[in-house]
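Here's the letter readout for the chains.
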Amino acid sequence: MNEVLENLYQTAIKPNNKDMKKDREYLYAKNRANQLYEMLRENLSDKDAETLDRIIASSNRQAERENLRFFTNGFKLGMSFVIENMQ
């Protein structure tokens with residue numbers, strides 16, 4: 001079942017879709033994070049900048065897995081409510 005939900009999440013939900021509507025608070029936080037990243041990166045050596053990029057990529061992968069888990073758990077919880085109320 002987890003594979004089905006993961007496929008649903010990755011194809012129908014499309015979490016990486018750039019066209020998803022974002023609220024102002026999200027956009028502000030994203031822009032601020034990008035500004036701070038650029039400021040930091042300018043002051044790092046090439047090796048340190050590469051390390052920073054690897055850390056960020058690893059953190060992004062972790063967040064992606066957590067979001068998938070949240071989606072899966074929420075879906076299962078929602079379905080259990082539906083099943084319980086159909087009885």
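The structure this text deals with has already been given above.
Note that the structure is a prediction, hence the values are computed from the model and not measured.

Visitor: Looking at this structure, how should I read the overall build of the protein?
Guide: Helix and strand counts for the protein stand at 3 helices and 0 strands. Going from the N terminus to the C terminus, the protein shows its helices and strands as α-α-α. A compact globule built from 87 residues should have a C-alpha radius of gyration of about 12 Å, whereas the protein, at 18 Å, is more than 25% larger. Projected onto the principal axes, the alpha-carbon positions of the protein cover approximately 60 × 30 × 20 Å. Out of the 87 residues in the protein, the part that is buried amounts to 7%. Accessible surface, the protein: about 7800 Å² in total, of which carbon and sulfur atoms supply 53%. Separation of charge centres in the protein, based on 14 positive and 14 negative side chains, amounts to 2 Å.

Visitor: How should I be thinking about a nonpolar patch on the surface in this particular structure?
Guide: Judged by side-chain polarity, Met1, Leu8, Ile13, Phe75, Met79, Val82, Ile83 and Met86 come together as a nonpolar surface patch covering roughly 750 Å² of accessible area. When contributions to the nonpolar patch are tallied by element, the ones reaching two or more residues are α1 (2-13) and α3 (46-86). It is α3 that contributes the most residues to the nonpolar patch, 5 residues altogether. Relative to the elements of secondary structure, Met86 occurs in helix α3.

Visitor: Would you take a moment to explain the packing of aromatic side chains for this structure?
Guide: Each pair of aromatic rings is reported with the distance of its centres and the angle of its planes. Applying the stated rule across the entire model yields 2 aromatic pairs. The interplanar angle of 40° and the centroid separation of 6.2 Å between the aromatic rings of Phe71 and Phe75 together place this pair among those described as tilted. Here the residue Phe71 and the residue Phe75 both occupy positions in helix α3, the gap between them amounting to 4 residues, near one helical turn. Through a chain of ring-to-ring contacts, the aromatic side chains of Tyr9, Phe71 and Phe75 assemble into a single cluster.

Visitor: Is there a simple way to think about the environment of Phe81 in this case?
Guide: By the secondary structure assignment, Phe81 is in helix α3. The spatial distance from the C-alpha of Phe81 to the C-alpha of Leu5 is 17 Å, given a sequence separation of 76 residues.

Visitor: What is the right way to read the packing of α1 against α3 from this model?
Guide: A pair of packed helices can be characterised by two numbers: the angle between their axes and the separation between those axes. Running from amino to carboxyl end, α1 crosses α3 at an angle of 110°, the nearest separation of the two axes being 10 Å. Judged by the angle between their axes, α1 and α3 are roughly perpendicular. Between α1 and α3 the crossing geometry is right-handed. Taking contact as the criterion, the partners of Asn2, Leu5, Glu6, Leu8, Tyr9, Gln10 and Ile13 in α1 are, on α3, Glu64, Arg65, Asn67, Leu68, Phe71, Thr72, Phe75 and Lys76. Tallied by class, the residues present in the contact of α1 with α3 amount to 7 nonpolar, 4 polar and 4 charged.

The rules behind the values
Residues numbered from 1 in each chain as written. Predicted model: local features only at pLDDT ≥ 70, side-chain atom pairs only at ≥ 80, totals over all residues. Heavy atoms only, no water. Helix = DSSP H or I, 4+ residues; strand = E, 2+ residues; numbered from the N terminus. Rg over C-alpha atoms; globule rule 2.2 N^0.38 Å. Buried < 20%, exposed > 50% of the residue type's maximum accessible area, 1.4 Å probe, protein only. Areas by Shrake-Rupley, 256 points an atom, 1.4 Å probe, with all protein chains shown as cover. Lys, Arg positive; Asp, Glu negative; His and termini not counted. Charge placed at Lys NZ, Arg CZ, Asp CG, Glu CD. Patch = residues over 30% accessible without salt bridge, like charges linked within 9 Å, V, L, I, M, F, W, Y side chains within 5 Å. Salt bridge = Lys/Arg side-chain N within 4 Å of Asp/Glu carboxyl O. Phe/Tyr/Trp six-rings, centres within 6.5 Å; stacked < 30°, edge-to-face > 60°. Axes fitted to C-alpha atoms, helices over the stretch in contact; angles between N-to-C directions. Parallel < 35°, antiparallel > 145°, perpendicular 65-115°, else oblique. Left-handed = near helix turned anticlockwise from the far one by under 90°. Contact = heavy atoms within 4.5 Å. Nonpolar A, V, L, I, M, F, W, Y, C, P; charged D, E, K, R; others polar.

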